[in-house]
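The lines below spell out each chain.
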Amino acid sequence: MPTVRIKLDSSVTAFLKRMLQGIFESLQESGRVRGYLPEAEEDQEFWVEGLRDENLEALDTLLNFVKSENFGRRKVEISEDSLFSLMKACSCVRLHLRETALLDVSDEELENPSIESVLFKGPQSEVYVVYSLLAYIQSTAVEAASRL
Amino acid sequence: MSGYTLQDSPLAVPVLEPEVDKATPWNVIVMNDPVNLMNYVVYVFQTVFGYTKQKATRHMLEVHEQGKSLVWSGDFEKAEAFVYTLQQWQLTATLESAEGE
């Protein structure tokens, strides 16, 4: 079974759990589609609901991963399917944060973050930290998946 | 793509149905976004299309540098299924008729 090891201070882990719980609650009803949608109305419904269900399942996997006992300290065992869901959930939350709390941050700053980005964003700083931590988790998950 | 057709039986309730030319080759296009990580996008292309790392990286760089990349071309049903899968992976994917190129 694949393993993912995320090294984080316990205070950061607690912070991430708290923040993610809040973000998930705001994401529950989100069924945003980026790109193509079928033309027929009934197909659109099917399409959007399917993606929303998939997102909720992925978010659940991410939350369980972060809440697992070894998260932040030791390797966490995860099934291959859950590893895929974990990667998808990281993108899902990051996209949501970019389209909400980080809406006024420039693309350049998001693609090339600096320490100033975290320190001088005022109320956005916590969100920015979550955004960056999820990138770290996703990169580590991609590395684990690439070893399969 | 063309417009709509109306069922013209006097007993039938007119139903608007989208008309899609499924015979035409269709292009799956992935658009750039500032969020998804480069190594993640490469991994998605490898996983979804079975591309080599080299080919997946080429498409990822095209998305990053040119704003979009044509990642697959073929029949409508398969192209639509690929778009759905790419959206499941949180990429911005669209479908375009190859005729319009």
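Above this text sits the structure in question.
Residues numbered from 1 in each chain as written. Chains lettered and ligands numbered in written order. Predicted model: local features only at pLDDT ≥ 70, side-chain atom pairs only at ≥ 80, totals over all residues.

Undergrad: Go over helix α1 (residues 38-49) of chain B, please, and point to the residues and values.
TA: Here α1(B) contains 12 residues, and its C-alpha end-to-end distance of 16 Å stays within 8% of the 16 Å for a straight helix at 1.5 Å per residue. Summarising the contacts, the buried residues of α1(B) are in contact with α3 (80-99) and α6 (125-146) of chain A together with α2 (53-66), β4 (68-74) and α3 (76-88) of chain B. At the exit of α1(B) stands B:Gly50, carrying a positive phi of roughly 70°. (Helix = DSSP H or I, 4+ residues; strand = E, 2+ residues; numbered from the N terminus. Expected span 1.5 Å × (residues − 1). Contact = placed C-beta atoms within 7 Å.)

Undergrad: Describe the sheet that holds strand β5 (residues 92-97) of chain B, with residues and values.
TA: Residues and elements named next belong to chain B. Taken in spatial order, the three strands line up as β4-β3-β5 in an open sheet, and their pairing is antiparallel. Since the sheet does not close on itself, it has two edges, and those belong to β4 and β5, each with one partner. Within this sheet the neighbouring strands show an average axis-to-axis angle of 25°, counted without direction. Relative to β5, strand β3 (residues 26-31) runs antiparallel, the two being bridged by six bridges. From the neighbouring strand, asparagine 27 faces β5, where its bridge partner is glutamate 96. (Pairing = 2+ DSSP bridges. Axes fitted to C-alpha atoms, helices over the stretch in contact; angles between N-to-C directions.)

Undergrad: Tell me about α3(B), residues and numbers included.
TA: An ideal rise of 1.5 Å per residue puts 18 Å on 13 residues; α3(B) measures up with 18 Å between its terminal C-alpha atoms. Of the residues making up α3(B), those classed as buried are B:Ala79, B:Phe82, B:Val83, B:Leu86 and B:Gln87. For α3(B), the angular spread of buried residues about the axis comes to 135°, placing them on one side. For α3(B), the exposed residues lying more than 90 degrees away from the buried face are B:Glu77 and B:Ala81. For α3(B), the secondary structure elements touched by its buried residues are α2 (41-67) of chain A together with β3, α1, β4 and β5 of chain B. In the segment just after α3(B), B:Gln90 is the residue with positive phi, at about 75°. (Buried ≥ 20, exposed ≤ 12 C-beta atoms within 10 Å, placed from the backbone. Arc of directions from axis to C-beta.)

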